[in-house]
Amino acid sequence: MSEIIQKMFHNVGILTFTYGDNYGQRLQNLAMQEYLKRYFDNVYTIRQIENKVGIVRQTKMIFKRILTGTYSAQKRRKENFRNFNHKYLIFYDCPININDIGKFPEKEFEYFVCGSDQIWSPYSNDVNSTYFLTFTSPSKKIALSPSLSADSIPEEKKDEFKRYLTNFKFISTREYVGSNLVSELTGNKVETLIDPTLMFDADFWVKYENKPKSGNDDKYALCYFLGEPEQMSRIHNECNKKGLKVVDILNDRNVISCGPSEFIYLIHNATKIYTDSYHGTIFSIIFNKPFVLCKRKGSSVDMSSRFDTLFSKLGISLDGDNDMEEYNNIDPKYLKDRIDSERSKFENFFLKCVNNNASS
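Predicted model, so just to flag it, every value in this text is computed and none were measured.

The rules behind these values
- Residues numbered from 1 in each chain as written.
- Predicted model: local features only at pLDDT ≥ 70, side-chain atom pairs only at ≥ 80, totals over all residues.
- Heavy atoms only, no water.
- Helix = DSSP H or I, 4+ residues; strand = E, 2+ residues; numbered from the N terminus.
- 1 Å grid on protein atoms, 1.4 Å probe; cavity = no way out; pocket = protein on both sides within 12 Å on 5 of 7 lines; lining within 4 Å.
- Points joined across faces, edges and corners; volume = space filled by probe spheres on them.
- Nonpolar A, V, L, I, M, F, W, Y, C, P; charged D, E, K, R; others polar.
- Pairing = 2+ DSSP bridges.
- Contact = heavy atoms within 4.5 Å.
- Axes fitted to C-alpha atoms, helices over the stretch in contact; angles between N-to-C directions.
- Parallel < 35°, antiparallel > 145°, perpendicular 65-115°, else oblique.
- Salt bridge = Lys/Arg side-chain N within 4 Å of Asp/Glu carboxyl O.
- Buried < 20%, exposed > 50% of the residue type's maximum accessible area, 1.4 Å probe, protein only.
- Core = buried A, V, L, I, M, F, W, Y, C linked by side-chain atoms within 4.5 Å.
- Polar contact = N/O pair within 3.5 Å; in protein donor to acceptor, adjacent residues only side chain to side chain.
- Disulfide = S-S within 2.5 Å.

A. Quick look at unusual backbone geometry. Here the residue pair Gly115 and Ser116 is connected by a cis peptide bond, since its omega of -5° sits within 30 degrees of zero. Its location among the elements puts Ser116 in the loop between strand 3 (111-114) and strand 4 (141-143). Unusually for a residue other than glycine, Ser149 sits at a positive phi of about 45°. With respect to the helices, strands and loops of the structure, Ser149 is situated in the loop between strand 4 and helix 5 (155-165).

B. Highlighting empty space enclosed by the protein. Under the defined criterion, the tally for this structure stands at one cavity of 30 Å³ or more. By volume, the largest cavity amounts to about 30 Å³. The wall of the largest cavity is formed by Arg174, Leu193, Ile194, Asp195, Tyr278, Thr309, Leu310 and Lys313. Its residues assigned to classes, the lining of the largest cavity shows four nonpolar, one polar and three charged.

C. Main features of the sheet that holds strand 7 (residues 220-224). Strand order in the open sheet formed by six strands is 8-7-9-10-12-11, with mixed pairing between adjacent strands. Two strands bound the open sheet, and with one partner strand each, they are strand 8 (245-248) and strand 11 (319-320). Bridge count between strand 7 and strand 8: four bridges; the pairing is parallel. Across the sheet, residue Cys223 finds its bridge partner in strand 8, namely Asp248. Contacting strand 7, strand 8, strand 9 (272-275) and strand 12 (324-327), helix 8 (residues 232-242) crosses the sheet at an angle of about 175° to strand 9.

D. A look at the packing of helix 5 against helix 6 (residues 176-186). Between helix 5 and helix 6, whose axes approach to 9 Å, the crossing angle comes to 85°. Regarding the angle of helix 5 to helix 6, the classification is roughly perpendicular. Mapping the contact onto sequence places Lys158, Phe161, Lys162 and Leu165 in helix 5 and Val182, Leu185 and Thr186 in helix 6. Residue composition of the contact of helix 5 with helix 6, by class: four nonpolar, one polar and two charged.

E. Inspection of the pattern of salt bridges at higher detail. Within the structure shown, the criterion is met by 20 salt bridges. Asp195 serves as the salt-bridge partner of Arg174, at 3.2 Å between the closest nitrogen and oxygen. Of this pair, Arg174 sits in the loop between strand 5 (171-173) and helix 6 while Asp195 sits in the loop between strand 6 (190-192) and helix 7 (202-205), placing them 21 residues apart in sequence. Per residue, the accessibility class of Arg174 equals that of Asp195, and both read buried. Notably, a salt bridge pairs Arg343 with Asp201, separated by 2.8 Å at the nearest N-O pair.

F. Here's a closer look at the nonpolar core. Counting 67 residues, the largest nonpolar core has Leu36, Leu144, Trp205 and Phe350 as the members making the most contacts within it. Excluding anything up to four places from it in sequence, Leu144 contacts Met32, Tyr35, Val113, Cys114, Gly115, Ser116, Ser172, Leu193, Phe346, Phe349 and Phe350. Of all hydrophobic cores here, the second largest spans 29 residues; its members include Cys114, Leu133, Phe168 and Val182.

G. Structural view of the environment of Arg38. Relative to the helices and strands, Arg38 resides in the loop between helix 2 (23-36) and strand 2 (40-45). The spatial distance from the C-alpha of Arg38 to the C-alpha of Phe9 is 9.6 Å, given a sequence separation of 29 residues. Setting aside residues no more than four positions away along its own chain, Arg38 makes contact with Met8, Met199, Phe200 and Glu347. Looking at Arg38, its side chain comes within polar contact range of the side chain of Glu347, at 3.3 Å.

H. Region of interest: the state of the cysteines. Considering all chains together, one arrives at zero disulfides under this definition. The structure places no disulfide on Cys239, whose sulfur is separated from the nearest cysteine sulfur, that of Cys223, by 6.4 Å. Cys239 gets classed as buried once you look at its relative accessible area, which sits at 0%. Cys353 takes part in no disulfide bond, and the closest cysteine sulfur to it belongs to Cys114, at a distance of 9.8 Å. The exposure class of Cys353 is buried, given its relative accessible area of 1%.

Here's what the structure looks like:
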């Protein structure tokens, strides 16, 4: 047994996205928290200061929701996310403010972990320097599966990213392309690790699920699209032939209000999943559900490397056309062996970071 496994540290802080109502963001945050509890007495997620939405944009959003009859459901959705955060996630009392970084009590922590999710995306307005742990010393930094989710870094941001990344002793990212981009910038070896949600089996996740109040026992196909779902007519035709009800979690009024716990339930109990979402795909895999990966519409950034890495690591192949690629259940033992192998890589990388930093 490694020496580090026998030792429990005290405080670690997680730097990831902390506002909004995206299922994948909340669930990967929970997974990272629960993983780090193996080694730390206290695992805190460090809140970010939410960017203010302009009055004009906010008014347009409210007006659109009123017109579509979803205003009340969207309010309940936000409340369900807040309830999930309060019930399952542990936030540090003091948020981190990029404009007043000196007020954050960095010395209270032995380590900081940045990851997972797209916190290193060079194209996201939500990303700031704290996600690169620029406020702390190299000995406290652990980059555990953060994602760039892009196939390039704009020229005007390369010097900035290089400054952010050169002070890490060890770096990992979530995609092969991202690892190559960081390696080119820093000249260092960069490992590619799975998303933390895959560090836990279905038995772990069912403990957090909750049946939606409007749920019924009909067989259904779950649709979860973060882009513009141009494939919906094809999906309805396929589901009609198979006698499946179509449940669109982000557009059907009776399920728009669902929080992360209801999201887990809906995937766990679906007959089939249609999605363009990375975490929608991951949870389909965790629950060994047939799913169709649909090409995302309405995005200016190519994020396909996320899926390329995921399927390569897990030995998954898909059939179909470019817009809709289908995955059907594979041998559970084969899938478990592949996931277990990737979990070992994740664990070994983390132990390498804390062992090296603790002895330096």
